[in-house]
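As a plain string of letters, each chain reads:
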Amino acid sequence: MLSVDLSSAIAEIKKRSAKTVLLQLPEGLKTRNIEIAEKLEKKTGATIFLSIDPCFGACGLAEQQAKQIGADLIVHLGHSQFYAPEIPTVFVPLEYELGNKKIKKLAGNCSVLLKKNSLKKISLCTTIQYLRFLDFLKKEFEKKGFSAEIAKGKNVEAGQVLGCNYSGVSKNSDAIVFFGDGLFHPVGISFSSKKLVFTMNPLSGETKELSGEKEFFLRKRFALIEKAMDAKKIGILISSKKGQFGLGKALELKEMIEKHHKQAFLFTGDLIKPDYLLGIDADAFVCTGCPRIAIDDASAFKKPLLNPSELKIVLGEKKIEDYEIEEFFG
Ligand code: SF4
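Every value quoted in this text rests on a predicted model; they were computed, and no experiment measured them.

**Describing the side chain of Ser123**
Looking at where Ser123 falls in the secondary structure, it is placed in strand E7 (residues 121-126). What makes Ser123 buried here is its relative accessible area of 0%. A polar contact of 2.9 Å, which involves the side chain of Ser123, links it to the backbone nitrogen of Ser170.

Structure representation (structure tokens):
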């Protein structure tokens, strides 16, 4: 269960005497948006507007909407600051409530796996919802004789990873231990760090080493890369979300595609969704925005949708052994 502590938002609204506030919540919390708005309105007297656009990260702050409604403040839930906003914004983290017993058990199981692989020096990382458990985990691993580091990243909290930013992972370790749910982050870490990655999932209670998942992921991506090899017309997608906007990268890719005697067309839009691409006469697409779009929604896109590094493999500008998931740091 995610806990929502609105005290920092309430304090900020009061401190700024904000009269109009735009509330932005992640998709997973939509069912609670009215409850949260009601609470903020009651405690502060401010008029609360709710953004209904899907929100997957602080890379897509609803600043334009905030300007249109004349908001004094944005209350953004669930993500940490990605770039310096123009409109005053308070970022409210959402955290899981977990008991120490559960965390200790996961750390114990993971230690067994690490010892089996003779790994002593680990880098601990997680997503924002679990950040506050990292120090406890560090102590647990140290008690078991490991050297555990929580690395300071760029534009993220120590030990924090995003799907587009793995700088909170130490390169000076024997292995990476990811605490959290889902596979996208740990698989991304395995490409960026080139080290063994172990996951401890507090929701499923599972602990495992990730080589099998990485293999499976690569097989699926290579199938798409192969499918895109014959593409003659390639659509380059640019997200207009401020934290994802990659005009320079898109123009660079256009030049590269044309150098390989293929046609390149530039498309721009706020959200990149499978149905928005239907009917476009391109053979394949490349997305310069969030790297998760091409990966999480891969099966929903009718034509191959690649990330830039994958397109470079298609064009022969990059070796398949150098496969990676794009990072950008806000
Ligand atoms: S670009 Fe994607 S991975 Fe990065 S913060 Fe935004 S939604 Fe998350």
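**Topic: the pairing of E7**
Of all 6 residues in E7, 5 are buried; the element is thus mostly enclosed. Strand direction decides the pairing type here: E7 and strand E8 (residues 147-149), joined by 3 bridges, are parallel. Counterpart to Ser123 in the pairing with E8 is Glu149. Read from E7 through helix H5 (residues 134-143) to E8, the crossover connection turns out right-handed. As judged from the 5 bridges shared by E7 and strand E9 (residues 175-179), these two strands associate in the parallel manner. In the sheet register, Ile122 faces E9, and the bridge partner there is Ala175.

**Notes on the domain arrangement of the chain**
Taken domain by domain, the chain comprises domain 1 (2-96), domain 2 (100-209) and domain 3 (218-322). Distance from the C-alpha centre of domain 1 to the C-alpha centre of domain 2: 30 Å. Counting from both sides, the interface comprises 10 residues of domain 1 and, opposite them, 11 residues of domain 2. Together domain 1 and domain 2 conceal approximately 850 Å² of surface at their shared face, both sides included; 56% is due to carbon and sulfur atoms. Taken together, the links from domain 1 to domain 2 amount to 1 salt bridge. Linking domain 1 with domain 2 are 4 residue pairs in polar contact (both at pLDDT 80 or more).

**Focus: the site of the ligand**
In the vicinity of the ligand, the residues found are Phe56, Cys59, Phe82, Gly163, Cys164, Gln244, Cys290 and Phe328. Partitioned by chemical class, the residues of the shell around the ligand number 6 nonpolar, 2 polar and no charged.

**Points about the packing of helix H6 (residues 184-193) against helix H7 (residues 211-228)**
Where H6 contacts H7, the axes come no closer than 10 Å and their chain directions differ by 85°. Classified by the angle their axes make, H6 and H7 are roughly perpendicular. Judged by residue contacts, Val187, Ser190 and Phe191 of H6 engage Glu213, Lys214, Phe217 and Leu218 from H7. Considering only residue class, the contact of H6 with H7 consists of 4 nonpolar, 1 polar and 2 charged.

**Quick word on the sheet that holds strand E2 (residues 20-24)**
By definition, the strands of a sheet pair up through backbone hydrogen bonds, in either a parallel or an antiparallel sense. Spatially, 4 strands are ordered E3-E2-E4-E5 in an open sheet, and the strand pairing comes out parallel. Looking along the sheet, the strands with just one partner apiece sit at the ends: strand E3 (47-50) and strand E5 (89-92). With strand direction ignored, the average angle separating the axes of adjacent strands in the sheet is 25°. When strand E4 (residues 73-77) meets E5, the two strands line up parallel, connected through 4 bridges. Considered in E5, the bridge of His76 is made with Phe91. Across the face of the sheet, helix H1 (residues 7-15) comes into contact with E2, E4 and E5 while running at roughly 165° to E5. Packed onto the sheet, helix H2 (residues 33-44) meets E2, E3 and E4 and runs at close to 160° relative to E3.

**Topic: a positive patch on the surface**
Judged by side-chain charge, Lys104, Lys115, Lys120 and Lys144 come together as a positively charged surface patch. Within the secondary structure, Lys144 sits in the loop between H5 and E8.

**A closer look at helix H4 (residues 100-116)**
Over its 17 residues, H4 runs 24 Å from end to end, which matches the ideal 24 Å to within 8%, given 1.5 Å per residue. Residues of H4 that are buried include every one of Ile103, Leu106, Ala107, Gly108, Cys110, Ser111 and Leu114, and no others. The inward-facing, buried residues of H4 abut E7, H5, E9, strand E10 (196-201) and strand E11 (206-209). One or two residues past the end of H4 sits Ser118, with phi positive at roughly 55°.

**Points about a nonpolar patch on the surface**
A cluster of nonpolar side chains, contributed by Phe245, Leu247, Leu251 and Leu266, occupies part of the molecular surface with about 350 Å² of accessible area. Residue position: Leu266 is located in strand E13 (residues 263-269).

**Overview of the sheet that holds E9**
Strand order in the open sheet formed by 5 strands is E8-E7-E9-E10-E11, and the pairing between neighbours is mixed. The outermost strands of the open sheet, each flanked by one partner alone, are E8 and E11. The average undirected angle you get between the axes of adjacent strands in this sheet is 20°.

Reading the values: the criteria
Here the residue numbering is sequential within each chain, running from 1 through the sequence in written order. Per-residue local features are limited, in this predicted model, to residues with pLDDT of at least 70; the limit for side-chain atom pairs, both in listing and counting, is 80 or more; totals at the level of whole chains, interfaces and linings are taken over all residues. Side-chain descriptors were evaluated using all non-hydrogen atoms of the structure, hydrogens and water having been removed beforehand. Strands here mean DSSP runs of E at least two residues long; helices mean DSSP runs of H or I at least four residues long; both are numbered from the N terminus. When accessible area is computed with a 1.4 Å probe and restricted to protein chains, residues below 20% of their type maximum are described as buried, those above 50% as exposed, and intermediate ones as partly exposed. Nitrogen and oxygen atoms within 3.5 Å of one another constitute a polar contact, given that in protein one can donate a hydrogen and the other can accept it, and given that sequence-neighbouring residues count only through two side-chain atoms. Paired strands, in this sense, are two strands between which DSSP finds at least two bridges. Look down the strands so they point away from you; if the path from the first strand over the helix to the second goes clockwise, the crossover is right-handed. The source of the domain bounds is an automatic or database domain assignment. Residues are treated as being in contact if the distance between any of their heavy atoms lies within 4.5 Å. When two parts are brought into contact, each loses some accessible area as probed by a 1.4 Å sphere; the total of that loss over both is the buried area. In what follows, salt bridge is the name for a side-chain nitrogen of Lys or Arg lying within 4 Å of a carboxyl oxygen of Asp or Glu. The cutoff for a nearby residue is simple: one of its non-hydrogen atoms must lie within 4 Å of the molecule or strand. For this scheme, ten residues count as nonpolar: Ala, Val, Leu, Ile, Met, Phe, Trp, Tyr, Cys and Pro. Four count as charged, namely Asp, Glu, Lys and Arg, and the remainder, Gly too, count as polar. The axes are straight lines fitted to the C-alpha atoms, using for helices just the contacting stretch, and the angles between their N-to-C directions are given from 0 to 180°. Working rule for angles: under 35 degrees goes down as roughly parallel, over 145 as roughly antiparallel, 65 to 115 as roughly perpendicular, anything else as oblique. Each patch is assembled from residues with relative accessible area greater than 30% and no salt bridge, linking like charges that lie within 9 Å and nonpolar side chains (Val, Leu, Ile, Met, Phe, Trp, Tyr) that lie within 5 Å. Under the convention used here, a 1.4 Å probe and the Shrake-Rupley method define accessible areas, while residue burial counts only the protein chains that appear. None of His or the chain ends enter the tally, which takes Lys and Arg as positive and Asp and Glu as negative. Where a charge lies is defined by one atom per residue type, namely NZ (Lys), CZ (Arg), CG (Asp) and CD (Glu). Expected helix span is computed as 1.5 Å times (number of residues minus one).

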